Amino acid sequence: PAKRISSTRLQSLLELALRTSSAAADPFHEQLTCMLEKLTATQLLVKVFSSQSPPGTDGWEEECPDSSGVEMFTLDYRITWPLSLIISRRSLTRYQLLFRHLFHCKYIERELCRVWQTYQSTRKWAAKLGKEFCTWYSLSQQMLLFFQNYLHYITFEVLEPNWHNMEKKIGSDVQNVDELIKCHEDTLDTMMKESLLFRPKVLKRLGEIKATCLEFAELSERLCPPRREDPSTPGVVYNSESKHQSMVRDHMQAEDNANLEYLREICNGEFSVRMGEVAAIFSKQTKDLVSELRGSAHLEQNLEFLVDRLNFNNFYGG
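Predicted, not measured: the structure shown is a model, and the values here were computed from it.

Cut-offs and rules
Residues numbered from 1 in each chain as written. Predicted model: local features only at pLDDT ≥ 70, side-chain atom pairs only at ≥ 80, totals over all residues. Heavy atoms only, no water. pLDDT = per-residue confidence, 0-100. Helix = DSSP H or I, 4+ residues; strand = E, 2+ residues; numbered from the N terminus. Salt bridge = Lys/Arg side-chain N within 4 Å of Asp/Glu carboxyl O. Buried < 20%, exposed > 50% of the residue type's maximum accessible area, 1.4 Å probe, protein only. Axes fitted to C-alpha atoms, helices over the stretch in contact; angles between N-to-C directions. Parallel < 35°, antiparallel > 145°, perpendicular 65-115°, else oblique. Left-handed = near helix turned anticlockwise from the far one by under 90°. Contact = heavy atoms within 4.5 Å. Nonpolar A, V, L, I, M, F, W, Y, C, P; charged D, E, K, R; others polar. Phe/Tyr/Trp six-rings, centres within 6.5 Å; stacked < 30°, edge-to-face > 60°.

**Regarding the confidence of the model for the protein chain**
Should pLDDT be low for a region, the predicted coordinates there are not to be read in detail.
Here is step 1: Looking at the protein chain as a whole, its pLDDT mean stands at 81, while 77% of the residues score no less than 70.
Here is step 2: When pLDDT is averaged over each helix and strand of the protein chain, the minimum, 63, is found for helix 9 (residues 241-267) and the maximum, 92, for helix 7 (residues 177-194).

**Digging into the pattern of salt bridges**
Here is step 1: Evaluation of the coordinates by the stated rule reveals 13 salt bridges.
Here is step 2: Between arginine 89 and aspartate 76 there is a salt bridge whose closest N-O contact spans 3.4 Å. Taken as a pair, arginine 89 in helix 4 (residues 89-122) and aspartate 76 in strand 2 (residues 73-77) lie far apart in primary sequence, 13 residues in all.
Here is step 3: The class for arginine 89 is partly exposed, based on a relative accessible area of 46%.
Here is step 4: Note on aspartate 76: relative accessible area 15%, which makes it buried.
Here is step 5: Note that glutamate 221 is salt-bridged to arginine 114, the shortest N-O span being 3.2 Å. Here glutamate 221 is found in the loop between helix 8 (200-220) and helix 9, whereas its partner arginine 114 is found in helix 4, with 107 residues between them in sequence.
Here is step 6: A single salt-bridge network, built from bridges that share partners, covers Arg205, Lys284, Asp288 and Glu292.

**Section: the packing of helix 8 against helix 10 (residues 270-296)**
Here is step 1: As a packed pair, helix 8 and helix 10 sit with axes 10 Å apart at the nearest point and diverge in direction by 160°. Here helix 8 is positioned roughly antiparallel relative to helix 10, judged by the angle of their axes. Helix-helix and strand crossings are classified by hand; for helix 8 and helix 10 the assignment is left-handed. Of helix 10, the residues touching helix 8 (which contributes Lys201, Val202, Arg205, Leu206, Glu208, Ile209, Thr212, Cys213, Glu215, Phe216, Leu219 and Ser220) are Phe271, Arg274, Met275, Val278, Ile281, Phe282, Gln285, Thr286, Asp288, Leu289, Glu292 and Leu293.
Here is step 2: Among the residues forming the contact of helix 8 with helix 10, the class breakdown is 13 nonpolar, four polar and seven charged.

**Focus on the packing of aromatic side chains**
Here is step 1: If you walk through the whole model with that rule in mind, you get seven aromatic pairs.
Here is step 2: With a centroid separation of 6.1 Å and an interplanar angle of 70°, the aromatic rings of tyrosine 119 and tyrosine 137 are classed as edge-to-face. Of this pair, tyrosine 119 sits in helix 4 while tyrosine 137 sits in helix 6 (residues 131-172), and the two are 18 residues apart along the sequence.
Here is step 3: Under the relative-accessibility criterion, tyrosine 119 is labelled buried at 0%.
Here is step 4: With 6.3 Å between their ring centres and 80° between their planes, phenylalanine 146 and phenylalanine 282 make a pair best called edge-to-face. Taken together, the positions of phenylalanine 146 in helix 6 and phenylalanine 282 in helix 10 put the pair 136 residues apart, joining distant regions of the chain.
Here is step 5: In textbook terms, an aromatic cluster arises when at least three aromatic residues are bridged by ring pairs, as seen for Phe73, Phe99 and Phe103.

Next up, the structure:
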């Protein structure tokens, strides 16, 4: 939980990372700081963009004690004059929202990559474990591919082209500070809009998909067989190399049999039932999200690009 994380230690780790990376060459790297917010990114979006009720009356001001540090972590920047003329606190908040959105999605992708490694280590027993195990392996691939395609869309089809367009406008059309501020604000608005941060329903569906993927990753940790001791005894001299190799070979065979039995017990219990439920939930959630995006794709071209990327093989319906 975020409340157990030391902000001071977190800042020290950030400073260490900056000093030991290429960012150390940036003359302004010391202006970068980090912090733990009291609200999740979705709650902060409601607080910033909702004007229907005053702050403190809709429940969004309350802290979230059970939220993870990954959800609450964000970067901050000490803006000094004259940069403060261009980048207001409101603009910085939008940068933070974009960062937190990407950061959490990247965290989900990393967890799914770890799941993929787990399944790679157990693939040799897949044929003996039945079709359920193959279904889980396929599900891990679907989840990973979903987030990789989504992150590719945000990074290379939203942020990068919009940033380049802003640079071109600044170099050719901007004549004064007011026009520069407007150009910067318009770019941030476009990034937020195309990143789906102005769509509460889509964000809610995406949040549900994230929660399902994290549960799947947590369940998949149980597929790691327990480690067993090495048969080699330190300090013992064997009479021949062949005897030692035979002992190691017998141990590896026994370990494989024990691991296979361990996985069979898991696949035939409540674990298998819950994994099947998670697979069905993920399938429904992704179909609902793609349907939600497709409903507005005719109005916004970027949504059409995202739908095509997420549903490139019509797996979630044509």
